[in-house]
Amino acid sequence: MVTSTSWDLGEREPELLEKTHCILTDLTGVAPVGWCSPSGRKSRLTIPTLRRLGYRYDASEKDDDLPYVLDDRAGGLADFVILPNNTVSLDDYPFYHTGQALASEVLENWIEEFEALRTSDGYVHLTVHPMAGSGSGTPARAAAVDAFLSHVSNTSGVQIVTLAELAEHCLDRPQEWRARP
Amino acid sequence: MIRAALLTVNVHGLGPEAATVPEEELFGRLAHGRYAYRIGLSRLLDMLRRTGVPATFFWPVFEAERCRPLIERCLAEGHEIASHGNAFEDNATLGAREAEILEAAHERLTAITGTPPIGFRSPTGTLSPATIGILARLGYRYDSSFVDDDVPYLLQSNAPSGLVELPWCEGLCDATHFRRRLTQRRAEAFFIEELDAMIGAAGLPCLIFHPRADIGVGRTARLAMIERLIERTRVRHGVIFRLCREVAERARVTGKLGGAIPP
């Protein structure tokens, strides 16, 4: 989507978001309903613009282990949900790029996160990058992703869904997905 | 003789980022601190309750104002509240304003908790030549900002201050390892290596944890690792966790400043 690596777009942000939204819609034939900041940053203009463009969720926050439906300015609940991601320990890039971990160590860490979240209140939101450098594109690292997905799939009572499906699930019952105080 | 260790918590939420960016502009990766408010800190407190470990919480006024129920919970569960400055200011650069800022932070934290704190840790890890003197005048009994020894010592390099220093150790601080984005298992190996050797060398281990999700242990999987570490410290080494104020007073009274503290 937006490919800038920082998020200092200033007052031009709505215009640029709309432009990239149109490009992606034209390319795929379907308007995207989800957004994730390329830099992990947002401004006060981001969410209002995304909502105006018809988006249903944002996946850029790192402040919870559960989805939460935004409060609306009118006082009720918005038709927009935050699906927090974990770019610290359910991501490939930080471990490979900064942490200098082996693929086997990353797999072990992901499984520990999954098992810990399964017994507390949270959902697994894994982020992987297809590139070779610090992502999961090479055979050893792709195998770690594969092994993690097998582990998850072989665990009973767990369902793998898309973010759009999760967003609709929450927005169908917003009272159950209010933000924690 | 029994061996003591300190488990301390630096209560960092949005404060570190808010020191340079307006709070209403903190989103996404600039808002990891909100995780501490929502779940990280309460989970850390749950873990301490499960393990029965008394801890010393260094609270900046900025965070205390935003987490009143959580600071009250810290008090109700027997933990110590110590000062962590006002709002992540750098004491080394405050100049003439330093005394005023430390006094205001002291008064505000006292008003929130009902008891004057007697311990201090610099919010950014740096002090000025005046800091210890100001703390002494405000009635503080110990500082825990330095990383220059393995055991407590009396702070008297400029003039006798009456304060005990409880030095901490980078290898025993979660942020050291998680800032490097190590896996939990690697961080645990680093902790164990440092802890075992520190106890073996008769040092006083001073563990530091943060309730954040990025540099800290607020996440469930990381807290499980800290629980294993606590268990190891107690069972393998026979160490008892003490509050900072207890160890500082005991060290001053007995003059025994090593890791072996009389019960």
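Above this text is the structure in question.
Scope of this entry: the structure provided in the associated data block. Because the structure is a prediction, the values reported are computed rather than measured.

## What about the state of the cysteines?
Move 1: Per the stated rule, a full pass over the model turns up 0 disulfides over all chains.
Move 2: Cysteine A:Cys170 remains unbridged, with the sulfur of A:Cys36 as its closest cysteine sulfur at 16 Å.
Move 3: Here B:Cys173 is not cross-linked by a disulfide; its sulfur's nearest cysteine counterpart is in B:Cys169, at 9.1 Å.

## Some details on the pairing of strand β3 (residues 68–71) of chain A
Residue and element names in this part refer to chain A.
Move 1: In terms of strand pairing, β3 meets strand β4 (residues 77–82) through 3 bridges, oriented antiparallel. Across the sheet, residue Tyr68 finds its bridge partner in β4, namely Ile82.
Move 2: Where β3 folds back on β4, the antiparallel hairpin that results is connected by 5 residues, among which Gly75 adopts a positive phi of roughly 110°.

## Details of the environment of B:Asp143
All names here are of chain B.
Move 1: With respect to the helices and strands, the residue Asp143 is situated in strand β5 (residues 142–143).
Move 2: Judged by relative accessible area, Asp143 falls into the buried class, the value being 0%.
Move 3: Sequence separation of Asp143 and Cys244 is 101 residues, and the distance between their C-alpha atoms is 9.4 Å.
Move 4: Not counting the four nearest positions on each side in its chain, Asp143 is found in contact with Phe120, Arg121, Leu127, Ile132, Leu135, Leu155, Leu163, Val164, Glu165 and Leu166.

## Thoughts on the pattern of salt bridges
Move 1: Tallying each qualifying case throughout the model produces 34 salt bridges over all chains.
Move 2: Note that A:Lys42 and A:Asp58 form a salt bridge whose closest N and O atoms lie 2.7 Å from each other. Placement of A:Lys42 in the loop between β1 (34–35) and α2 (46–52) and of A:Asp58 in strand β2 (residues 57–58) is noted, with a sequence separation of 16 residues between them.
Move 3: In this structure A:Lys42 comes out as buried when scored by relative accessible area, which is 5%.
Move 4: A salt bridge links B:Arg108 to B:Glu65; its shortest N-O distance comes to 2.6 Å.

Cut-offs used in this document
- Residues numbered from 1 in each chain as written.
- Chains lettered and ligands numbered in written order.
- Predicted model: local features only at pLDDT ≥ 70, side-chain atom pairs only at ≥ 80, totals over all residues.
- Heavy atoms only, no water.
- Disulfide = S-S within 2.5 Å.
- Pairing = 2+ DSSP bridges.
- Helix = DSSP H or I, 4+ residues; strand = E, 2+ residues; numbered from the N terminus.
- Buried < 20%, exposed > 50% of the residue type's maximum accessible area, 1.4 Å probe, protein only.
- Contact = heavy atoms within 4.5 Å.
- Salt bridge = Lys/Arg side-chain N within 4 Å of Asp/Glu carboxyl O.

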